[in-house]
Protein chains: 2
Amino acid sequence: MSTTVAPQTIHAMLLFAGLSENEKNELIKGGRLRQCSRGEHLFLHGDPVKSFYIISKGTVQLFRETPDGHEKTIDVVKSGQTMCESEILDSCRNHRVNAMALNDVTVMEFPVAWLKDSARKYSAFALNLLSHIAQQAHMAEVEAEQRANMKAAQLVACFLQRMCVLYDFDPKGFELPYSKTIIASRIGMELETFSRTLAKLKEHGILVKGSHVSITDLASVEQYVCAACSIAEDCPTHKEMERKSSNKSGDA
Amino acid sequence: MSTTVAPQTIHAMLLFAGLSENEKNELIKGGRLRQCSRGEHLFLHGDPVKSFYIISKGTVQLFRETPDGHEKTIDVVKSGQTMCESEILDSCRNHRVNAMALNDVTVMEFPVAWLKDSARKYSAFALNLLSHIAQQAHMAEVEAEQRANMKAAQLVACFLQRMCVLYDFDPKGFELPYSKTIIASRIGMELETFSRTLAKLKEHGILVKGSHVSITDLASVEQYVCAACSIAEDCPTHKEMERKSSNKSGDA
DNA sequence: CGACACTTTGAAGACGATCAACGCCGGTGG
DNA sequence: CCACCGGCGTTGATCGTCTTCAAAGTGTCG
């Protein structure tokens with residue numbers, strides 16, 4: 001299952017790269033497992049920041065309520081990803097977002113002090129953390145630029161490609177891992193716009209029927225989306241999609 | 001002058017907090033000064049990443065050309081701020097943006113290896129760097145959300161407030177530090193929209209005449225902008241503006 | 001004075017948001 | 001087994017905001 005990280009797989013995370021097994025064990029001992037069932041909140045906007053999280057299983061929605069009562073999804077985070085590192089490193093007292101389990105979730109929970117202490121103790125960990133955050137910052141930058149420059153259809157197509165890569169789906173056919181409502185909100189558009197957009201995407205090589213997506217014409221998608229993207233040449237998603245299209249091995 | 005950081009002031013940067021004077025000197029020895037005159041490029045999109053920069057004097061525009069030939073300003077960075085840390089930490093080979101001096105600029109230039117080496121060597125530096133990047137990531141997140149939720153006039157008003165704080169201007173009256181063309185592009189809107197928006201802002205307590213801005217009614221601005229902002233309660237700019245409005249001491 | 005960069009203003013158009021209604025489906029309870 | 005309901009998604013019509021194209025105004029500097 002692509003949404004599960006076995007406990008031992010945490011060891012394989014890039015965050016712990018370059019550390020000895022002993023050091024990893026030492027670090028991981030600092031956390032404890034926590035279970036959440038679908039719909040349960042891990043924390044709420046305004047709650048004091050108490051932990052750093054590594055998601056071991058399941059999917060978590062990070063969202064915020066705007067002053068006018070709407071609900072905006074900041075991100076959807078899955079197993080193998082982390083939460084709250086930037087809040088902790090930025091020394092935020094309180095959470096800036098809500099976190100809700102979209103399905104049954106298992107997280108590894110580390111006390112706030114753990115993160116900085118570990119960075120202080122193991123310089124390799126500090127450097128990994130730095131790359132990790134820098135990478136996130138980069139992604140955020142790219143998304144901001146895309147949102148500004150591309151239109152809805154391109155944003156959606158690009159997002160579907162990223163989804164393919166993140167969840168290791170077969171582009172030829174896969175199921176959306178969560179509801180269209182949440183996806184739309186994640187991309188920053190209204191559900192109605194998203195719905196209409198999906199319909200139009202068949203002209204560009206993406207066919208959507210219910211929650212089943214098949215990217216029928218990778219070349220067409222790339223030409224439609226990536227040609228309009230200023231980071232195309234060094235876009236990891238773009239590269240990965242090209243790899244997937246040459247390797248004809250899909251693991252459904 | 002608010003756009004100058006004397007060499008010794010680099011010592012005072014948060015990035016070097018918690019280090020002894022000897023350690024600071026040791027670190028700073030790793031860099032060398034470079035001058036750029038107005039219009040000169042520090043680096044171009046696609047150039048290999050060769051340095052980490054601390055801006056000591058002047059203002060630098062970071063921008064990118066979109067596929068359709070437009071020019072989009074990613075950020076405008078001034079003395080006391082840094083450049084390229086995330087590229088380096090993300091191990092990017094090539095620059096993702098262009099950097100051009102908007103006026104006469106002095107930067108401190110450190111070789112790429114310096115950043116990671118220093119982080120490895122001094123854990124305090126690594127932690128400072130982590131906060132620094134986390135903070136940037138936070139700002140980027142906030143801006144993204146604002147761009148999605150607020151309308152042009154609110155974005156502009158918010159930006160002017162931020163400018164006030166960053167440059168330590170007196171809200172009651174100050175000059176825009178760079179051209180409206182660049183500001184508009186920085187905020188992500190067309191120059192025409194920006195121009196029209198400025199005119200409309202007088203209804204909300206901001207008067208603009210040429211490049212002279214005066215925020216006449218701070219309360220009105222806050223109510224118009226910050227009330228629509230989801231991070232108002234923990235927005236450093238908002239807080240700082242309130243402080244400025246109580247301290248009736250402006251330093252023009 | 002003229003050239004040029006920068007800014008303003010006007011009018012038309014594109015795009016997504018919003019409001020409203022309907023279809024679909026799974027679940028619950030009679 | 002059917003009727004009802006609520007969550008989710010689709011479709012249609014309208015509206016507001018920003019962009020785009022075009023033209024004219026302002027300022028500076030040789």
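Conventions used here
- Residues numbered from 1 in each chain as written.
- Chains lettered and ligands numbered in written order.
- Predicted model: local features only at pLDDT ≥ 70, side-chain atom pairs only at ≥ 80, totals over all residues.
- Heavy atoms only, no water.
- Near = heavy atom within 4 Å.
- Polar contact = N/O pair within 3.5 Å; in protein donor to acceptor, adjacent residues only side chain to side chain.
- Helix = DSSP H or I, 4+ residues; strand = E, 2+ residues; numbered from the N terminus.
- Nonpolar A, V, L, I, M, F, W, Y, C, P; charged D, E, K, R; others polar.
- pLDDT = per-residue confidence, 0-100.
- Pairing = 2+ DSSP bridges.
- Contact = heavy atoms within 4.5 Å.
- Axes fitted to C-alpha atoms, helices over the stretch in contact; angles between N-to-C directions.
- Buried area = accessible area lost by both parts, 1.4 Å probe.
- Salt bridge = Lys/Arg side-chain N within 4 Å of Asp/Glu carboxyl O.
- Domains from an automatic or database assignment.
- Buried < 20%, exposed > 50% of the residue type's maximum accessible area, 1.4 Å probe, protein only.
- Phe/Tyr/Trp six-rings, centres within 6.5 Å; stacked < 30°, edge-to-face > 60°.
- Lys NZ or Arg CZ within 6 Å of the ring centre and 35° of its normal.

> Residue-level account of the protein's contact with DNA strand C, with values.
In the vicinity of DNA strand C there are 15 residues, among which A:A152, A:T193, B:K180, B:T181 and B:R196 approach most closely. Considering the 4 Å shell around the protein, atoms of DNA strand C inside it are sugar or phosphate in 59% of instances. Measuring from a phosphate oxygen of DNA strand C, one finds a side-chain N or O atom of A:K151 at 3.2 Å. For DNA strand C, a phosphate oxygen lies 2.9 Å from a polar atom in the side chain of B:S195. Secondary structure elements with two or more residues in the surface near DNA strand C: α8 (191-200) of chain A together with α7 (180-187) and α8 (191-200) of chain B. Considering every element that reaches the surface near DNA strand C, the biggest residue donor is α8(B), with four residues. Classifying every residue of the surface near DNA strand C by side-chain character gives three nonpolar, five polar and seven charged.

> Describe the confidence of the model for chain A, and please don't skip the residues or the numbers.
Close inspection of predicted coordinates is inappropriate in any region flagged by low pLDDT. Per-residue confidence for chain A gives a mean pLDDT of 92, with 95% of residues at or over 70. Within chain A, the element-level pLDDT minimum falls on helix α1 (residues 7-10) of chain A, averaging 72, and the maximum on strand β6 (residues 82-83) of chain A, averaging 98.

> Give me the sheet that holds strand β6 (residues 82-83) of chain B: which residues, what numbers.
Residues and elements named next belong to chain B. Spatially, the four strands line up as an open sheet ordered β1-β8-β3-β6, and their pairing is antiparallel. Looking along the sheet, the strands with just one partner apiece sit at the ends: β1 (32-36) and β6. Relative to strand β8 (residues 105-111), β1 is paired through five bridges, and the arrangement is antiparallel. Opposite L33, over in β8, you have M108 as the bridge partner. On top of the sheet, helix α4 (residues 112-121) reaches β3 (51-57) and β8; it is set at about 65 degrees to β8, its chief contact.

> Residue-level account of the interface of chain B and chain A, with values.
Of the residues lining the interface, 35 residues belong to chain B; the matching set on chain A comes to 35 residues. At the boundary of chain B with chain A, total buried surface from both sides reaches about 3300 Å², with 62% on carbon and sulfur atoms. Across the contact surface, chain B and chain A share two salt bridges. A salt bridge links B:R64 to A:E145; its shortest N-O distance comes to 2.4 Å. For the pair chain B and chain A, the number of links is twelve residue pairs in polar contact (both at pLDDT 80 or more). Listed by contribution, the elements that provide at least two residues to the side of chain B that touches chain A are β4 (59-65), β5 (71-78), α3 (85-89), α4 and α5 (123-149) of chain B. The biggest single contributor to the side of chain B that touches chain A is α5(B), with 15 residues. Its residues assigned to classes, the side of chain B that touches chain A shows 16 nonpolar, nine polar and ten charged.

> Mind laying out the domain arrangement of chain A, listing which residues take part and the relevant values?
All names here are of chain A. When cut into domains, chain A gives domain 1 (8-137) and domain 2 (150-251). The straight-line distance from the C-alpha centre of domain 1 to that of domain 2 is 27 Å. Where domain 1 abuts domain 2, roughly 800 Å² becomes buried across the two surfaces, and 59% of that area is made up of carbon and sulfur atoms. Its largest share of buried area at the contact with domain 2, domain 1 owes to T73, V76 and K78, together 49% of the area lost on that side. For the pair domain 1 and domain 2, the interface holds one salt bridge. Note that D75 is salt-bridged to R186, the shortest N-O span being 3.1 Å. Joining domain 1 to domain 2, the criterion identifies three residue pairs in polar contact (both at pLDDT 80 or more). It is strand β5 (residues 71-78) that provides the largest number of residues to the side of domain 1 that touches domain 2, a total of seven residues.

> Can you lay out the protein's contact with DNA strand D for me, pointing to particular residues and giving the numbers?
Taken together, 16 residues lie around DNA strand D, and A:K180, A:T181, A:R196, B:A152 and B:T193 are the ones closest in. In the interface set of DNA strand D, defined as its atoms within 4 Å of the protein, sugar plus phosphate atoms amount to 57%. Between DNA strand D and A:T181 there is a distance of 2.3 Å, counted from a phosphate oxygen to a side-chain nitrogen or oxygen. With respect to DNA strand D, the side chain of A:R196 contributes an N or O atom lying 2.8 Å from a base nitrogen. Those elements that place two or more of their residues in the surface near DNA strand D are α7 (180-187) and α8 of chain A together with α8 of chain B. Of all the elements, α8(A) adds the most residues to the surface near DNA strand D, at four residues.

> How would you sum up α7(B)? Please name residues and give values.
Every α-helix carries 3.6 residues per turn, so stepping three or four residues along brings you back to the same face. Residue and element names in this part refer to chain B. With respect to burial, α7 is a largely interior element, six of its eight residues being buried. When we look at burial in α7, the residues that qualify are I182, I183, A184, S185, R186 and I187. Structurally, α7 contributes buried residues whose contacts are with β4, β5, α5, α6 (152-166) and α8. At the exit of α7 stands G188, carrying a positive phi of roughly 85 degrees.

> Break down the packing of aromatic side chains for me, citing the residues and quoting the values.
The final tally for this structure, using the stated rule, is 16 aromatic pairs over all chains. Ring centres of B:Y167 and B:F169 lie 5.3 Å apart, and the angle between their planes is 15 degrees; this geometry places the pair in the stacked category. The exposure class of B:F169 is buried, given its relative accessible area of 16%. Members of the aromatic cluster, joined through ring pairs, are A:F16, A:F52, A:F110, A:W114 and A:F125. If you follow A:K78 out to its NZ or CZ, it ends over the ring of A:Y167, 5.2 Å from the centre.

> Provide a residue-level description of the pattern of salt bridges, including the pertinent values.
Opposite charge on two side chains allows them to pair when their charged atoms are near. Residues and elements named next belong to chain A. Counted by the stated rule, this structure contains 26 salt bridges over all chains. Here K24 makes a salt bridge to E21, at a shortest N to O gap of 3.4 Å. Of this pair, K24 and E21 both sit in helix α2 (residues 21-28), three residues apart, which is roughly one turn of the helix. Residue E143 is joined to R162 by a salt bridge in which the shortest nitrogen-to-oxygen separation is 2.9 Å.

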